[in-house]
Amino acid sequence: MKALIALILLVQLPIHKAVPAAPPAPLGCDDPESEAAAEAAVNYINGHSHHGYKFALNRIEDVRVVPQGPNNDIIFLELDLLETKCPILSPTPLANCTVRSFAEHAVEGDCDVKLQKLDGTISVVASKCHSHADSSEDIRQICPDCPLLASLNDTEVLETVSAALNDFNSKTTGPYLRLLEIGRGQIQYHPAHIVAVEFAVGATNCSAEEAKVNVGACQLLPEDQSNFGFCTGTAVKHPSQDLNVDCQLYGHQVPIPDIPLPSRVFQPTSQDTSAGLAPSAVGFTNHNLRLSHHNPLASESSSSEIFRSMLSAKPVTKRAVAEAAQHNKVPRPVGFVPPPPPCPGKIRHFDI
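Residues numbered from 1 in each chain as written. Predicted model: local features only at pLDDT ≥ 70, side-chain atom pairs only at ≥ 80, totals over all residues. Heavy atoms only, no water.

(A) Representation of the overall build of the protein in the model. In terms of regular secondary structure, the protein is built from 8 helices and 10 strands. Here the protein holds 352 residues, and 39% of them are scored as buried. When the accessible area of the protein is evaluated, it comes to approximately 19500 Å², of which 58% is carbon and sulfur surface. (Helix = DSSP H or I, 4+ residues; strand = E, 2+ residues; numbered from the N terminus. Buried < 20%, exposed > 50% of the residue type's maximum accessible area, 1.4 Å probe, protein only. Areas by Shrake-Rupley, 256 points an atom, 1.4 Å probe, with all protein chains shown as cover.)

Below, the structure written as structure tokens:
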């Protein structure tokens, strides 16, 4: 009888099943870890770009983490960047670079980046970027008379660059400067006809006086002495005729290991067109960030199917995100403040 009672009690005892551990909460776009990864990504992108301007982070659109093992994660980022006023050759730290305003005809960059976080250290494995200028219609709605970006080989842009550089070289007591590339050209027609240009230059082995005798002998300085700079020029065509130019040289810079000196990319050859502008940029209004780079020093293979599928996936529109949030809305107690969505993150400057 005692045995039967014991058996009954045993059957009635609650059975405690092992509860599987809840999966970790998804990483948010504004979480410190995401921002640290984004900072590493932006530095990598700027460090491997050889044309145009440095880009700054505007928004983290998406972040995904794929665990690979103990203390080893692969991080995928989708980033929105904005062009700054710092040329890619400028030694100015990105933190001190001003993002170009919307009214200056802003340029946006879209990047997909794969990173590895191994034992707490974040490194970039691969990146793929492109950039585009905001539409002229958007600029016109906000500022009808603001100058718009012109093609880099626009006749007025080329004439202004040539006139500005010749004017500077005719007055300087320093080295003779050669054009490396045109960075931007903007034309305003009302209330005055004004052409504004920005262009990169390099110091040659001639003085300005020596160049007057034989300019053909003036060559860019070798890599161990290279000295790059940047010029801005403004030509008033109407109602008056006026030209202003300012050029600043940066001094010799030692490149980061595995990143070639820009002179290897910029140095004009006899095949170059449009006053030294690289043929690949002719016809465009801005230098496309077109960057697809695999880090040869990364320990993670950059050819994984996950990375390829991420780059080929169509981005979710902001309207679709808003509609999904509205569809999933449920009643909340009075005073309840819902947590911010994990992604996309905050806009740091402005939305294009």
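(B) View of the environment of isoleucine 88. Along the chain, the position of isoleucine 88 falls in the loop between strand S2 (72-87) and strand S3 (107-118). For the pair isoleucine 88 and histidine 48, spaced 40 residues apart in sequence, the C-alpha separation works out to 9.6 Å.

(C) Representation of the pairing of strand S6 (residues 175-188). Among the 14 residues in S6, 12 count as buried, and that is most of the element. Pairing of strand S5 (residues 148-149) with S6 involves 2 bridges; the strand directions are antiparallel. Along S6, the bridge assignment pairs leucine 148 with isoleucine 187. (Pairing = 2+ DSSP bridges.)

(D) The arrangement of the sheet that holds S6 in detail. Spatially, 5 strands are ordered S5-S6-S7-S8-S9 in an open sheet, and the strand pairing comes out antiparallel. Two strands in the sheet have a free side with no partner beyond their single neighbour: S5 and strand S9 (242-251). Lying over the sheet, helix H4 (residues 155-171) contacts S6, strand S7 (193-207), strand S8 (228-238) and S9, oriented at roughly 145° with respect to S6. (Contact = heavy atoms within 4.5 Å. Axes fitted to C-alpha atoms, helices over the stretch in contact; angles between N-to-C directions.)

(E) Spotlight on the pattern of salt bridges. On inspection of all chains with the given rule, the structure shows 13 salt bridges. Here glutamate 198 ties to arginine 100 by a salt bridge, and the two come within 3.4 Å at their closest N and O atoms. Highlighted residues: glutamate 198 in strand S7 and arginine 100 in the loop between S2 and S3, separated in sequence by 98 residues. By relative accessible area, arginine 100 is classed as buried at 2%. (Salt bridge = Lys/Arg side-chain N within 4 Å of Asp/Glu carboxyl O.)

(F) Structural detail: the side chain of asparagine 46. Its location among the elements puts asparagine 46 in helix H2 (residues 32-47). A distance of 2.9 Å separates the side chain of asparagine 46 from the backbone nitrogen of phenylalanine 55, its partner in a polar contact. Sequence-distant contacts of asparagine 46, that is, excluding residues within four places in its chain, are made with Lys54, Phe55, Ile88 and Leu94. (Polar contact = N/O pair within 3.5 Å; in protein donor to acceptor, adjacent residues only side chain to side chain.)

(G) Spatial organisation of the environment of histidine 252. Along the chain, histidine 252 turns up in the loop between S9 and helix H6 (263-266). Spatially, the C-alpha atom of histidine 252 lies 8.6 Å from that of glutamate 223, the residues being 29 residues apart in sequence. With residues near it in sequence (within four places) discarded, histidine 252 still touches Glu223, Asp224, Gln225, Ser226 and Asn227. A polar contact of 3.1 Å, which involves the side chain of histidine 252, links it to the backbone oxygen of serine 226.

(H) Geometry of the nonpolar core. Ranked by size, the top nonpolar core spans 25 residues in total, and within it Leu77, Leu79, Leu81, Cys111, Val113 and Leu115 carry the most contacts. Elements with a minimum of two residues in this core: H2, strand S1 (53-69), S2, S3 and strand S4 (121-133). Apart from the residues within four sequence positions on either side, leucine 79 is in contact with Ala38, Ala41, Val42, Leu57, Arg59, Ile60, Gly109, Asp110, Cys111 and Val113. One finds Ala150, Leu165, Val195 and Val201 within the second-largest nonpolar core, a separate group that totals 18 residues. (Core = buried A, V, L, I, M, F, W, Y, C linked by side-chain atoms within 4.5 Å.)

(I) Representation of the packing of aromatic side chains in the model. Applying the stated criterion across every chain yields a total of 2 aromatic pairs. Ring centres 6.0 Å apart and planes at 80° place the aromatic pair tyrosine 53 and phenylalanine 230 in the edge-to-face group. Note that tyrosine 53 is positioned in strand S1 and phenylalanine 230 in strand S8, a separation of 177 residues in sequence. Ring geometry for phenylalanine 102 against phenylalanine 350: centres 6.2 Å apart, planes inclined by 90°, an arrangement best described as edge-to-face. Taken together, the residues span a long stretch of sequence, with phenylalanine 102 in the loop between S2 and S3 and phenylalanine 350 in the segment after helix H8 (318-327) at a distance of 248 residues. What makes phenylalanine 102 buried here is its relative accessible area of 18%. Over the ring of tyrosine 53 we find arginine 100; its NZ or CZ atom is 4.9 Å from the centre of that ring. (Phe/Tyr/Trp six-rings, centres within 6.5 Å; stacked < 30°, edge-to-face > 60°. Lys NZ or Arg CZ within 6 Å of the ring centre and 35° of its normal.)

(J) Geometry of the pairing of S9. Of the pairings in the sheet, the one linking S8 to S9 comprises 9 bridges and is antiparallel in character. Across the sheet, threonine 232 pairs through a bridge with aspartate 246, a residue of S9. Between the end of S8 and the start of S9, which pair antiparallel, lie 3 residues.

(K) Layout of empty space enclosed by the protein. The final tally for this structure, using the stated rule, is 1 cavity of 30 Å³ or more. Here the largest cavity defines a volume of roughly 60 Å³. Around the largest cavity, the lining comprises 10 residues; the ones closest to its centre are Gly52, Pro87, Glu181, Ala200 and Phe230. Of the residues belonging to the lining of the largest cavity, the class tally is 7 nonpolar, 2 polar and 1 charged. Both domains that furnish three or more residues to the lining of the largest cavity are identified here as domain 1 (24-143 + 285-294 + 307-314) and domain 2 (152-253). (1 Å grid on protein atoms, 1.4 Å probe; cavity = no way out; pocket = protein on both sides within 12 Å on 5 of 7 lines; lining within 4 Å. Points joined across faces, edges and corners; volume = space filled by probe spheres on them. Nonpolar A, V, L, I, M, F, W, Y, C, P; charged D, E, K, R; others polar. Domains from an automatic or database assignment.)

(L) Structural view of the state of the cysteines. If you walk through the whole model with that rule in mind, you get 6 disulfides. Residue cysteine 111 pairs covalently with cysteine 129 via a disulfide, S to S 2.1 Å. Here cysteine 111 and cysteine 129 share a disulfide; its torsion about the S-S bond, 120°, makes the bridge right-handed. Of this pair, cysteine 111 sits in strand S3 while cysteine 129 sits in strand S4, placing them 18 residues apart in sequence. Under the relative-accessibility criterion, cysteine 111 is labelled buried at 2%. At a sulfur-sulfur separation of 2.0 Å, the disulfide partner of cysteine 231 is cysteine 247. With the S-S bond torsion at 115°, the cross-link from cysteine 231 to cysteine 247 turns out right-handed. In this pair, cysteine 231 sits in strand S8 while cysteine 247 sits in strand S9, placing the two residues 16 residues apart along the sequence. On the basis of relative accessible area, cysteine 247 is assigned to the buried category, the value being 10%. Numbered by position along the chain, the disulfide-linked cysteines of the protein connect as 1-12, 2-3, 4-5, 6-7, 8-9, 10-11. (Disulfide = S-S within 2.5 Å.)

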